There are 2 protein chains.
Amino acid sequence: MSSPSSHVGPVVGVVGAGQLARMMQQAAIPLGLELRVLANSPDESAAKVIVDTRLGDYRDLSVLREFAAGCDAVTFDHEHVPTEHIKAMAAEGLQVHPGADALVHAQDKAEMRRRLTEIGVPCPAWRTVETAADVAEFAAQNGWPVVLKAVRGGYDGRGVWVCDDEDEAATVVATGVPLLAEAFVPFERELAVLVARSPHGQGVSYPVVETVQENGICVEVLAPAPGLDAEVAAQAQRIALKIADELGVTGLLAVEMFETRSGGARSESASSEAATNTAGLVVNELAMRPHNSGHWTIEGARTSQFEQHLRAVLDLPLGSPSMAAPYVVMANLLGGDDPDIFKRYEHVMAHDPGVKVHFYGKEVRKGRKIGHVTALGADLDDVRARARHAAVYLTTGEYT
Amino acid sequence: MSSPSSHVGPVVGVVGAGQLARMMQQAAIPLGLELRVLANSPDESAAKVIVDTRLGDYRDLSVLREFAAGCDAVTFDHEHVPTEHIKAMAAEGLQVHPGADALVHAQDKAEMRRRLTEIGVPCPAWRTVETAADVAEFAAQNGWPVVLKAVRGGYDGRGVWVCDDEDEAATVVATGVPLLAEAFVPFERELAVLVARSPHGQGVSYPVVETVQENGICVEVLAPAPGLDAEVAAQAQRIALKIADELGVTGLLAVEMFETRSGGARSESASSEAATNTAGLVVNELAMRPHNSGHWTIEGARTSQFEQHLRAVLDLPLGSPSMAAPYVVMANLLGGDDPDIFKRYEHVMAHDPGVKVHFYGKEVRKGRKIGHVTALGADLDDVRARARHAAVYLTTGEYT
């Protein structure tokens, strides 16, 4: 790692100025790094806390080139930078992490399914579809409902449709969006595994967490996943580390998984051998950046996911992912009807001096992720109740 | 707490842009606050990480007024702002914390001794002195050595002279600096208590820590102070909270104390009643801001001192000061002979994935405080060895 003469520490460029880049700054300050961020507007979440904020369009290669000049590494707040631009930057000798060959698997769900299937990672049955007839054909083999997903661009429940019949599928196909069909997985719960991998190949895994979703949006994360069988947990971590390694991920990789009763979308008909192979786990989605399922690590782990990501993209040795308390619960803060969240802030702080509120510097809009809260301790029920109370009160003013 | 329409969260102005303001930004990000900092130069530690950096001279009231306009609260990175300027700002309705009437006790050591004596806080014998004869007269009552201190402006061992005789005292007096004479306290070790007090009067105390000094500079902090008698610890916290309350401190107050065998500078001749009254504790110095003895709280306490200070100056409910691990050790990083500290960074990270390195974004200069390291765990000797190893290796490249 070099220390350019014009800066005291290394410079990391972050494309995108949302809350992930904002939380990276919290980690960059003690690390002595200087962050540079590419924002669309000076009002964005990270632009408010990063001095070297540049404005520009990440879809423009010349903007990216100018932005990256002088950075020791370039990374991302989101997964929308065109693959060919990332390739062009790497070809010019820039350290871009994750690289295009890895990132494409987080950008393109069909590429992701192809590759995961190739390396033997448990996936639901899947195929790309172009017509409602394709979907019906897939359903004939795998049953309804069929999950249709936009191959590119979906997140937080957007770009995902659960179709119960061919008519519903036809409506989705009619949007013209390139689609992937997946068998519906009758899961017990959703898990996530966050791993980091550095360019020289060091890998670490955080404990497996349970994620609780409402309307396709993660509302709560429980760390570690309560009551998870130790062997299943180890298997989940092995799967995530294997994906990171096989895909050549540099930086963080979040692997969202379904925990099923016996493993696999067609578990009822699966042989006991197949059930053992998949250990009750089916991979749902990948993200290659700090992830909502890892926000608990800021207080809850020795190394936050944001610090870990910065260490990984600079090819520094990775930090300890061990937990700072027996249980950590994170609850997302979604905007409610009343925009003046600060007037409820004092009550939450007075009620629970140990809860941590994280605001993203965003104006409150109904349903928008504007922050999160974290609680930790030795009693899961208590910790969960504390996090929920704070999140619900901040959003609605209701006392739970 | 109001939320001005032009900002999403409250705005806190910090006068001074050193590492304390820099570390406040790490706390301000999740709190959703916007920091504004008054710097001497854009290269200063905090100016590199705070977007709203204003340049100007804190000794100029018109500069301070313009800086403070629109801030929900104003606080300080250092104690050098003239008392009369703080009074003028408060008279104009600005929320300035700590206020002038409190801060003067951290700015003026004679004022501090006068007031602490008045409220019955254990101090060494003291008097202000103008001539070497004054010092000799004081020594005739209290013995040599006599500690001479600049009434204003000293820190990190500067402005403190331990004089063994009248000749040495005469040399110090000749500098023309207004002086305070104090009896030399034959202490066992140095302790520090960090407390927070908010304008509406809520107070909290962090656990008592031991500070280890070399050449008048704090090099290591052990939290909690190992083997400290529980009653002495409680007494130390009561003394610090009493000082905060009596002096009307708003924000943080660090109270540096000597632990003596039986309490007081003249402990050999003290009555057993006096020894009981002082519980083996003598107050040495006060600081009214985040303090080096509290850097361990960033990872080591549920609420860091920087978050606590921001909460206090905004009159928000205070956070939990409880420890995040049984033992936490902080070691300061002083600049060594080799300025390229980053080349040793990787080795420290690889050696100990759990140690936390904090850089202040400062160029390395010999003897300059450029950062600190923190280790935590259940075994004090191990934790201490880890922190020391990291600090020594980063400074010198020597493997301890």
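Residues numbered from 1 in each chain as written. Chains lettered and ligands numbered in written order. Predicted model: local features only at pLDDT ≥ 70, side-chain atom pairs only at ≥ 80, totals over all residues. Heavy atoms only, no water.

Undergrad: Teacher, can you tell me more about the interface of chain A and chain B here?
TA: Note: interface size is frequently given as the accessible area lost on complex formation between the parts. The interface of chain A with chain B comprises 45 residues on the first partner and 45 residues on the second. Surface buried jointly by chain A and chain B totals about 4000 Å² across both partners, of which 60% is contributed by carbon and sulfur atoms. Three residues stand out in chain A for area buried against chain B, namely Val8, Ile29 and Phe342 of chain A, and they jointly supply 17% of the buried area on that side. At the boundary of chain A with chain B, the tally comes to two salt bridges. Between Glu307 of chain A and Lys356 of chain B there is a salt bridge, and its shortest N-O distance comes to 3.1 Å. On the surface where chain A and chain B come into contact, there are 14 residue pairs in polar contact (both at pLDDT 80 or more). For the side of chain A that touches chain B, the secondary-structure elements that each account for two or more residues are α1 (19-31), α11 (305-313), α12 (342-351) and β16 (356-359) of chain A. Take the side of chain A that touches chain B: its biggest share by element is six residues, from α1 of chain A. Its residues assigned to classes, the side of chain A that touches chain B comprises 22 nonpolar, eleven polar and twelve charged. (Contact = heavy atoms within 4.5 Å. Buried area = accessible area lost by both parts, 1.4 Å probe. Salt bridge = Lys/Arg side-chain N within 4 Å of Asp/Glu carboxyl O. Polar contact = N/O pair within 3.5 Å; in protein donor to acceptor, adjacent residues only side chain to side chain. Helix = DSSP H or I, 4+ residues; strand = E, 2+ residues; numbered from the N terminus. Nonpolar A, V, L, I, M, F, W, Y, C, P; charged D, E, K, R; others polar.)

Undergrad: I would appreciate a short explanation of the relation of the copies chain A and chain B in the present structure.
TA: The relation between the two copies of this chain is a rotation about an axis and a shift parallel to it. The operation relating chain A to chain B is a screw motion whose rotation component is 180°, with 0.0 Å of axial translation and a residual RMSD of 0.0 Å. Taken together, these values place the two copies in the relation of a two-fold axis. Here 100% of the interface residues in chain A have copies in chain B that are interface residues too; the copies meet face to matching face. (Least-squares fit on C-alpha atoms with pLDDT ≥ 70 in both.)

Undergrad: Before we go on, may I ask you to explain the domain arrangement of chain A in this structure?
TA: All names here are of chain A. The assigned domain composition of chain A is domain 1 (11-96), domain 2 (106-121 + 185-313), domain 3 (126-183) and domain 4 (327-396). Between domain 1 and domain 2, the C-alpha centre-to-centre distance is 25 Å. On the side of domain 2, 14 residues touch domain 1, which itself brings 19 residues to the contact. Buried surface at the junction of domain 1 and domain 2, both sides included, amounts to about 1400 Å², of which 66% is carbon and sulfur. Ranking the residues of domain 1 by area buried against domain 2 places Leu20, Met23 and Glu79 at the top, with a combined share of 41%. Here domain 1 is connected to domain 2 by one salt bridge. Here Glu79 and Arg289 are joined by a salt bridge, their closest N and O atoms 3.5 Å apart. If you look at where domain 1 meets domain 2, you find six residue pairs in polar contact (both at pLDDT 80 or more). Counting only elements with at least two residues in the side of domain 1 that touches domain 2, the list comes to α1 and β4 (73-76). Tallied by class, the residues present in the side of domain 1 that touches domain 2 amount to twelve nonpolar, five polar and two charged. (Domains from an automatic or database assignment.)

Undergrad: Explanation requested: the packing of aromatic side chains in the structure shown.
TA: In this structure the tally under the stated criterion is ten aromatic pairs over all chains. With centroids separated by 4.6 Å and ring planes inclined at 10°, the aromatic side chains of Phe187 of chain A and Phe258 of chain A adopt a geometry described as stacked. Separated by 71 residues along the polypeptide, Phe187 of chain A in strand β9 (residues 187-197) and Phe258 of chain A in strand β13 (residues 251-260) bring together distant segments of the chain. Taking relative accessible area as the criterion, Phe258 of chain A reaches 10% and is therefore assigned buried. Between Phe342 of chain B and Tyr345 of chain B, the ring centres sit 5.4 Å apart and the planes meet at 80°, which makes this aromatic pair edge-to-face. Taken together, the residues span about one helical turn, with Phe342 of chain B and Tyr345 of chain B both in helix α12 (residues 342-351) at a distance of three residues. According to the relative accessible area criterion, Tyr345 of chain B is buried, its value standing at 0%. Cluster of aromatic residues (ring-pair linked, three or more members): Phe342, Tyr345 and Phe359 of chain A. Residue placement shows Arg59 of chain A over the ring face of Tyr58 of chain A; its charged tip is 6.0 Å from the ring centre. (Phe/Tyr/Trp six-rings, centres within 6.5 Å; stacked < 30°, edge-to-face > 60°. Buried < 20%, exposed > 50% of the residue type's maximum accessible area, 1.4 Å probe, protein only. Lys NZ or Arg CZ within 6 Å of the ring centre and 35° of its normal.)

Undergrad: Hey, could you run me through the environment of Met112 of chain A in this one?
TA: On the secondary structure map, Met112 of chain A appears in helix α5 (residues 109-118). Residue Met112 of chain A is classed as buried on the basis of its relative accessible area of 2%.

Undergrad: Would you take a moment to explain helix α7 (residues 166-173) of chain B for this structure?
TA: Since one α-helical turn is 3.6 residues long, residues separated by three or four positions face the same way. Residue and element names in this part refer to chain B. Those residues of α7 not exposed but buried are Ala169, Val172 and Val173. All buried residues of α7 fall inside an arc of 100° around its axis, so they share one side. Of the exposed residues in α7, those oriented more than 90 degrees away from the buried face are Asp167 and Thr171. By the N-cap criterion, in which a side-chain oxygen at the helix start approaches the backbone nitrogen of a residue two or three places on, α7 is capped by Asp165, the distance to Asp167 being 3.2 Å. (Arc of directions from axis to C-beta.)

Undergrad: Teacher, can you tell me more about the UniProt feature "binding site: ATP" (unreviewed entry) in chain A here?
TA: All names here are of chain A. With numbering matched to this structure, UniProt assigns "binding site: ATP" (unreviewed entry) to Lys109, Lys149, Glu182, Ala183, Phe184, Val185, Glu190, Asn284 and Glu285. Counting through the fold element by element, Glu182 comes out in strand β8 (residues 179-183). Looking at Glu182, its side chain comes within polar contact range of the side chain of Arg113, at 2.7 Å. Here Glu285 is to be found in strand β14 (residues 281-287). A relative accessible area of 12% places Glu285 in the buried class. For Glu285, the residues in contact, after removing those within four places along its chain, are Lys109, Met112, Lys149, Ala254, Val255 and Glu256. Separated by 3.0 Å, the side chains of Glu285 and Lys109 make a polar contact. (UniProt positions renumbered as here; feature names shortened; annotations may be inferred.)

Undergrad: Just to check I follow, could you spell out a negative patch on the surface for this structure?
TA: Residues Asp164, Asp165, Glu166, Asp167 and Glu168 of chain A make up a contiguous surface patch of negative charge. Checked against the element boundaries, Asp164 of chain A lands in the loop between β7 (160-163) and α7 (166-173). (Patch = residues over 30% accessible without salt bridge, like charges linked within 9 Å, V, L, I, M, F, W, Y side chains within 5 Å. Areas by Shrake-Rupley, 256 points an atom, 1.4 Å probe, with all protein chains shown as cover. Lys, Arg positive; Asp, Glu negative; His and termini not counted. Charge placed at Lys NZ, Arg CZ, Asp CG, Glu CD.)

Undergrad: Sorry if this is basic, but what is going on with unusual backbone geometry here?
TA: Residues and elements named next belong to chain A. Put simply, Trp144 and Pro145 share a cis peptide bond, and its omega is -5°. Positioned with a positive phi, Asp315 is a non-glycine residue whose angle comes to about 60°. Position of Asp315 among the secondary structure elements: in the loop between α11 and β15 (327-334).

Undergrad: Quick question: what am I supposed to make of a nonpolar patch on the surface here?
TA: On the surface, Val160, Val162 and Phe184 of chain A cluster together to form a nonpolar patch covering roughly 220 Å² of accessible area. Within the secondary structure, Val160 of chain A is located in strand β7.

Undergrad: Looking at this structure, how should I read the sheet that holds strand β5 (residues 126-129) of chain B?
TA: Strand pairing within a sheet occurs via backbone hydrogen bonds; the two strands may be parallel or antiparallel. Residue and element names in this part refer to chain B. Spatially, four strands are ordered β5-β8-β6-β7 in an open sheet, and the strand pairing comes out antiparallel. For this open sheet the edge positions go to β5 and β7 (160-163), each flanked by a neighbour on one side alone. Going across the sheet, the axis of each strand differs from the next one's by a mean of 25°, ignoring polarity. The strands that helix α5 (residues 109-118) touches are β5, β6 (146-150) and β8 (179-183); relative to β5, the one it contacts most, it runs at about 150°. Set on the sheet, helix α6 (residues 132-142) makes contact with β5, β6 and β8; between it and β5 the angle comes to about 165°. (Pairing = 2+ DSSP bridges. Axes fitted to C-alpha atoms, helices over the stretch in contact; angles between N-to-C directions.)

Undergrad: Mind showing me how you'd approach the sheet that holds strand β5 (residues 126-129) of chain A here?
TA: Residues and elements named next belong to chain A. Read from one edge to the other, the open sheet built from four strands follows the order β5-β8-β6-β7, with strand pairing classed as antiparallel. Two strands in the sheet have a free side with no partner beyond their single neighbour: β5 and β7. Pairwise comparison of adjacent strand axes, ignoring direction, gives a mean angle of 25° for this sheet. The sheet contact formed by β5 and β8 spans four bridges and is antiparallel. What sits directly across from Val129, in β8, is Leu179.

Undergrad: Honestly, the packing of α12 of chain B against helix α13 (residues 380-396) of chain B in this entry has me stumped. Any pointers?
TA: Residue and element names in this part refer to chain B. At a closest axis distance of 9 Å, the pairing of α12 and α13 adopts a crossing angle of 160°. Taken together, α12 and α13 sit at an angle that is classed as roughly antiparallel. As for the relative orientation of α12 and α13, their crossing is right-handed in sense. Within the contact between the two elements, α12 uses Arg344, Tyr345, His347, Val348 and His351 and α13 uses His389, Ala390, Tyr393, Leu394, Thr395 and Thr396. Residue classes in the contact of α12 with α13 are distributed as five nonpolar, five polar and one charged. (Parallel < 35°, antiparallel > 145°, perpendicular 65-115°, else oblique. Left-handed = near helix turned anticlockwise from the far one by under 90°.)

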